[in-house]
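# Reading the structure
So you can see what is in the structure, the chains are spelled out below.
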Amino acid sequence: MNILPSHWYNIVPDLPKPLPPPRDPEDDYIFSRIELLPKLFPSELLDQEFTAERYIQIPGEVLDAYRRIGRPTPLVRAVNLERLLNTPARIYFKREDLSPTGSHKINTALAQAYYAKKEGVQMLTTETSAGQWGSALACACAMFDIRCLVFMTRSSYIRKPYRRILMKLYGADVVPSPSDRTEIGRRLLMENQEHPGSLGIAISEAVETCMKDGSAKYAVGSVMNFVLLHQTVIGLETMRQLEEIGEIPDVMIGCVGGGSNFSGFIFPFIGNRLKDGDFKNTEFIAVESKASPKMTEGSYIYEHGDTAGYLPMLKMYTVGRSYVPPPIHAAGLRYHAAAPILSLLIKEGLVKAVAYTQEEVLEAARVFARVEGIVPAPETAHAVKQAIVEAEHCRRRNLKKTIILCFSGHGLLDLSVFEEYGTY
Ligand SMILES: *Cc1c(COP(=O)(O)O)cnc(C)c1O
């Protein structure tokens, strides 16, 4: 069987309710954020953002790039973890940690770099904090020979050198944000030369660069429909791999920052349920950090995707764009909202959400590393924790469930986290 799919799957036409469209703010309307979109994104990506087409063909060059970075990725049974937990459940994990930059983010980075290159864009700009998204984009830009400018929050730039070095190794231009490259950056630097920066400021700098430089476009690591679309390569592969071994998932689990790895993992399955009535008994569980509890404690409202309010408002579960989460190590889960499509599925009761503390998930990561030999990223550790909770439930009730988790990334560049927590 050919595991790597030829098309991405767009769940939008199969949703139980129409997806609320993006909107401009009414109260502080300074400019139309929606009219700004064509300045920010390559046109094919904007088409994908709003399309009602169910299947979008993956361009040959992107498929080829997927193959070269190791797709399809393996689906592995966690036999040692099952034995340790003494559970009758079977636990499988989809290994998105095997990519060159160690996470699923490359799946969309490659597509975004490809479309930008195809449309004659000279440079992609973006923001990053811990550097997982920045390094995925830098890698993709290197592969498609396009320039990459990454605004990295100054605090991470100083404290987290390894992904900064990795981005530079790929040839990206990495600047600490706020920087002297933009007006907003210069203004903030004048107030404070050592300004630690924030994702909101870094986004503003990346967006300002595109507004001024017509040959530059903006790349985004999560939340937008087209990002979730590209990530469905994860779920489509998983579905074929499960078919091959004759398994039907009872529980599918993933961690949620903006929601891209989890959505990409489950949308093909939920889509089949909505279209054809398959996977009726499968439970879909989204795991977030208690430090940014948008799905378990937030509200389903219109909010800007970014802290600065440059991007259109989207209807989603959010704790509010000005919410400042406590400093946790799963930087990828600090985001204030869950993607609009995922939010709608939660609202409609198709996806369940749970939240854990940092201590709980790092302990789960330690357990997993000791038996399976693979160190989960602090983000991924949230999904691992939930898989362990499910497997223990199965032990108590003697249930032979099939549990599948999306292993979004490895933690080899986050080892200091484990030292700080004394988890080892
Ligand atoms: C960025 C990241 C996440 C969170 O982002 P999503 O868009 O929710 O997938 C999760 N895991 C890893 C390893 C990440 O790098």
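Residues numbered from 1 in each chain as written. Predicted model: local features only at pLDDT ≥ 70, side-chain atom pairs only at ≥ 80, totals over all residues. Heavy atoms only, no water.

### What about the site of the ligand?
Taken together, the neighbourhood of the ligand is formed by 19 residues, with Lys105, Ser222, Gly257, Ser260 and Ser408 sitting nearest. Contact between the ligand and glycine 257: an oxygen atom at 2.6 Å from a main-chain N or O atom of the residue. Between the ligand and the protein, one listed contact pairs an oxygen atom with a backbone N or O atom of glycine 258 at 3.1 Å. Considered on its own, the ligand offers 380 Å² of accessible surface; in the complex 98% of this is hidden by protein. Each residue belonging to the shell around the ligand can be placed in one class, and the counts come to four nonpolar, 13 polar and two charged. Each of domain 1 (7-59 + 105-225) and domain 2 (70-102 + 233-420) contributes no fewer than three residues to the shell around the ligand. (Near = heavy atom within 4 Å. Polar contact = N/O pair within 3.5 Å; in protein donor to acceptor, adjacent residues only side chain to side chain. Areas by Shrake-Rupley, 256 points an atom, 1.4 Å probe, with all protein chains shown as cover. Nonpolar A, V, L, I, M, F, W, Y, C, P; charged D, E, K, R; others polar. Domains from an automatic or database assignment.)

### Here we look at unusual backbone geometry
In the segment running from arginine 71 into proline 72, the intervening peptide bond is cis, with an omega of -5°. Mapped onto the secondary structure, proline 72 falls in the loop between helix H3 (60-68) and strand S3 (75-77). Of note, the bond from serine 177 into proline 178 is cis; its omega dihedral lies within 30 degrees of zero at 5°. Within the secondary structure, proline 178 sits in the loop between strand S7 (173-177) and helix H9 (183-191). One non-glycine residue, asparagine 86, adopts positive backbone phi at about 55°. Within the secondary structure layout, asparagine 86 lies in the loop between helix H4 (79-85) and strand S4 (90-95). According to the relative accessible area criterion, asparagine 86 is exposed, its value standing at 57%. Of note in this structure, valine 223 is not a glycine but carries a positive phi near 70°. For valine 223, the location among the structural elements is in the loop between strand S8 (216-218) and helix H11 (225-245). (Helix = DSSP H or I, 4+ residues; strand = E, 2+ residues; numbered from the N terminus. Buried < 20%, exposed > 50% of the residue type's maximum accessible area, 1.4 Å probe, protein only.)

### Here's the deal with the domain arrangement of the chain
Taken domain by domain, the chain consists of domain 1 (7-59 + 105-225) and domain 2 (70-102 + 233-420). If you average the C-alpha positions of domain 1 and of domain 2, the two centres end up 23 Å apart. Taken together, the 45 residues of domain 1 in the interface contact 43 residues of domain 2. Both faces combined, the contact of domain 1 with domain 2 buries some 3700 Å², and carbon together with sulfur accounts for 67% of it. (Contact = heavy atoms within 4.5 Å. Buried area = accessible area lost by both parts, 1.4 Å probe.)

### Quick look at the packing of helix H5 (residues 106-118) against helix H6 (residues 132-143)
It is the contact of H5 with H6, at a shortest axis distance of 8 Å, that shows an interaxial angle of 40°. Compared by their axis directions, H5 and H6 come out oblique. Along this stretch, H5 crosses H6, giving a crossing that reads as right-handed. Where H5 approaches H6, its residues Ile106, Thr108, Ala109, Leu110, Gln112 and Ala113 are matched on the opposing element by Trp133, Ala136, Leu137, Cys139, Ala140, Cys141 and Met143. Here the contact of H5 with H6 is built from residues that sort into eleven nonpolar, two polar and no charged. (Axes fitted to C-alpha atoms, helices over the stretch in contact; angles between N-to-C directions. Parallel < 35°, antiparallel > 145°, perpendicular 65-115°, else oblique. Left-handed = near helix turned anticlockwise from the far one by under 90°.)

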